[in-house]
Amino acid sequence: MKKEIGYIGLGKMGKNMVFRLLNAGWNIVAYNRSPESVKDVEEKGALGTSSIKELISKLSTPRVIWVMVSHQAVDEMINELAPMLEKGDLIVDGGNSPYQESMRRAKELNNKGIEFLDIGVSGGPGGSLNGACMMVGGKKELYDRLEESGFFKDTCKPEGWGHFGNSGAGHFVKMVHNGIEYGMMQSIAEGFDLMRHSKEFNLDLEKITEVYSHGSVVTSSLVSWMHDGYKKYGKDLNEISGKASASGEGKWTVEAGKREKIPMPVIQASLDAREASQTKPSYQGKVVSTMRGEFGQHPVKRAPDEPEIL
């Protein structure tokens, strides 16, 4: 396989991944609905296109096309792509799609002679630029083809990728990853809420996150991102919303647990806490929002009509 890939979707993660691939010597043919993002990657060496049809025409066969759009837009994108592709071309869904949808899409595309991989990507925009973590589902020979091209080595942290089984497995593993993340974020929020309200001690929360990030059992990217948040916004996180949003994967994880009759009380509790924060903003919501803002660049600033939390 040549070091050539078509790339559709140049959002926060997509654009950074293109930059990383270009730095690694890949030929990128890129498309995005907003032309400004296309211009950004063109300036770094990508071949920009103004339509899906043009993107397909610029790629040599068998084509590899990475789709990095919201899960709600994947079917629309595949329906536009598929009629113009040839047998043996490969579509990669690199977004956060429900794994059952990925299983369906793989089957439908296979019936048309088009290949499909589902790849869950972790690390947020920073990971996309500096080294991501990828979880792959689909035919092993397709995974091997990408691996032999150096794609994973060029996009991921060392040892930060793997093949986990048939179509849907990549997005399933990523879904559970995000469900676990929900529980971890909520426990961090509860702990720092307790320390903030300690009556015995006037604790430096920024300093605590710094110490926690160096050798403690809870050392993690999430705690490090919380350290960055405290450094930017201060102990009370006054600029941050106490309404903690959710993007869906935690809910999907709990639903999968119900189907498999596996209890998920911690992840369910984290979902309940986020839902409750929508009507009753909380400091715990601020902590979760801060982490979401740091790793995912999600909009998390407090709205003018949202009261401060004491």
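Refer to the structure presented above.
Residues numbered from 1 in each chain as written. Predicted model: local features only at pLDDT ≥ 70, side-chain atom pairs only at ≥ 80, totals over all residues. Heavy atoms only, no water.

**Let's talk about the overall build of the chain**
In terms of helices and strands, the chain carries 14 helices and eight strands. Taking 310 residues into account, the globule formula puts the C-alpha radius of gyration at 19 Å, and the chain, at 21 Å, falls close to it. Structurally, the chain occupies a C-alpha span of about 70 × 50 × 40 Å along its principal axes. Evaluated residue by residue, the chain yields a buried proportion of 50% over its 310 residues. A sequence separation of at least 24 residues applies to 69% of the contacts in the chain between residues at least 6 apart. As displayed, the chain offers around 15100 Å² of accessible surface, 53% of which is attributable to carbon and sulfur atoms. The positive charge centre, built from 39 side chains, and the negative charge centre, built from 41, are 1 Å apart in the chain. (Helix = DSSP H or I, 4+ residues; strand = E, 2+ residues; numbered from the N terminus. Rg over C-alpha atoms; globule rule 2.2 N^0.38 Å. Buried < 20%, exposed > 50% of the residue type's maximum accessible area, 1.4 Å probe, protein only. Contact = heavy atoms within 4.5 Å. Areas by Shrake-Rupley, 256 points an atom, 1.4 Å probe, with all protein chains shown as cover. Lys, Arg positive; Asp, Glu negative; His and termini not counted. Charge placed at Lys NZ, Arg CZ, Asp CG, Glu CD.)

**Observations concerning the pairing of strand S1 (residues 4-8)**
Consecutive residues of a regular strand have side chains that alternate between opposite faces of the sheet. Of all the five residues making up S1, five are buried; the element is thus mostly covered by neighbouring parts of the structure. With burial as the criterion, each face of S1 is covered, one bearing Glu4, Gly6 and Ile8 and the other bearing Ile5 and Tyr7. In terms of strand pairing, S1 meets strand S2 (residues 27-31) through five bridges, oriented parallel. Looking at S2, one finds that Glu4 is bridged to Asn27. In the classification by handedness, the crossover that spans S1, the intervening helix H1 (residues 12-23) and the parallel S2 is right-handed. (Pairing = 2+ DSSP bridges. Right-handed = clockwise from strand over helix to strand, strands pointing away.)

**Digging into the environment of Lys140**
By the secondary structure assignment, Lys140 is in helix H7 (residues 140-148). Residues Lys140 and Ala256, spaced 116 residues apart in sequence, show a C-alpha to C-alpha distance of 24 Å. Here Asp144 takes part through its side chain, which lies 2.8 Å from a polar atom of the side chain of Lys140. (Polar contact = N/O pair within 3.5 Å; in protein donor to acceptor, adjacent residues only side chain to side chain.)

**Description of unusual backbone geometry**
Looking along the chain, the bond that leaves Thr61 and enters Pro62 is cis, with omega of -10°. Position of Pro62 relative to the elements: it lies in the loop between helix H3 (52-58) and strand S4 (64-67). Within the chain, Glu159 stands out as a residue other than glycine whose phi angle is a positive 65°. Mapped onto the elements of the fold, Glu159 is located in strand S8 (residues 156-163). Among the residues examined, Glu159 registers a relative accessible area of 75% and is labelled exposed.

**Re the packing of helix H10 (residues 205-212) against helix H11 (residues 221-233)**
The geometry of H10 relative to H11 is characterised by a closest axis approach of 8 Å and an angle of 155° between their N-to-C directions. Between H10 and H11, the angle falls in the class roughly antiparallel. Crossing of H10 against H11: the hand is left-handed. When H10 is examined against H11, the residues Leu205, Glu206, Thr209, Glu210 and Tyr212 are found in contact with a partner set consisting of Val223, Met226, His227, Tyr230 and Lys231. Looking at side-chain class alone, the contact of H10 with H11 contains five nonpolar, two polar and three charged residues. (Axes fitted to C-alpha atoms, helices over the stretch in contact; angles between N-to-C directions. Parallel < 35°, antiparallel > 145°, perpendicular 65-115°, else oblique. Left-handed = near helix turned anticlockwise from the far one by under 90°. Nonpolar A, V, L, I, M, F, W, Y, C, P; charged D, E, K, R; others polar.)

**Observations concerning the side chain of Arg63**
Topologically, Arg63 is positioned in the loop between H3 and S4. By relative accessible area, Arg63 is classed as buried at 8%. In this structure the side chain of Arg63 is engaged in a polar contact, spanning 2.7 Å, whose partner is the side chain of Asp89. Ignoring anything within four residues of it in the chain, the contact list for Arg63 reads Ile56, Leu85, Glu86, Asp89, Leu90 and Arg145.

**A closer look at the sheet that holds strand S6 (residues 115-122)**
On the basis of which strands lie adjacent, the open sheet formed by eight strands has the order S3-S2-S1-S4-S5-S6-S7-S8 and mixed pairing. On the outer flanks of this sheet lie strand S3 (47-48) and S8, each paired with one strand and no other. In this fold helix H9 (residues 169-196) packs onto strand S5 (90-93), S6 and strand S7 (132-138), with an angle of close to 15° to the strand it touches most, S6.

**Some thoughts on the environment of Val136**
Looking at the secondary structure, you find Val136 in strand S7. Since its relative accessible area comes to 0%, Val136 is described here as buried. Residues Val136 and Asp118, spaced 18 residues apart in sequence, show a C-alpha to C-alpha distance of 5.9 Å. Here Val136 is in contact with Leu117, Asp118, Ile119, Tyr143, Phe152, Gly162, His163, Phe164, Gly165 and Gly170, once residues within four sequence places are set aside.

**Comments concerning helix H13 (residues 265-279)**
The end-to-end C-alpha separation of H13 is 22 Å, in line with the 21 Å expected for 15 residues at 1.5 Å each. When H13 is considered as a whole, its buried residues turn out to be Ile267, Ser270, Leu271, Arg274 and Ser277. Burial along H13 is one-sided: seen end-on, the buried residues are contained in an arc of 120°. When the buried face of H13 is taken as reference, the exposed residues oriented beyond 90 degrees from it are Pro265, Glu275 and Thr279. Check the buried side of H13 and you find it contacts H9, helix H12 (249-260) and helix H14 (283-296). (Expected span 1.5 Å × (residues − 1). Arc of directions from axis to C-beta.)

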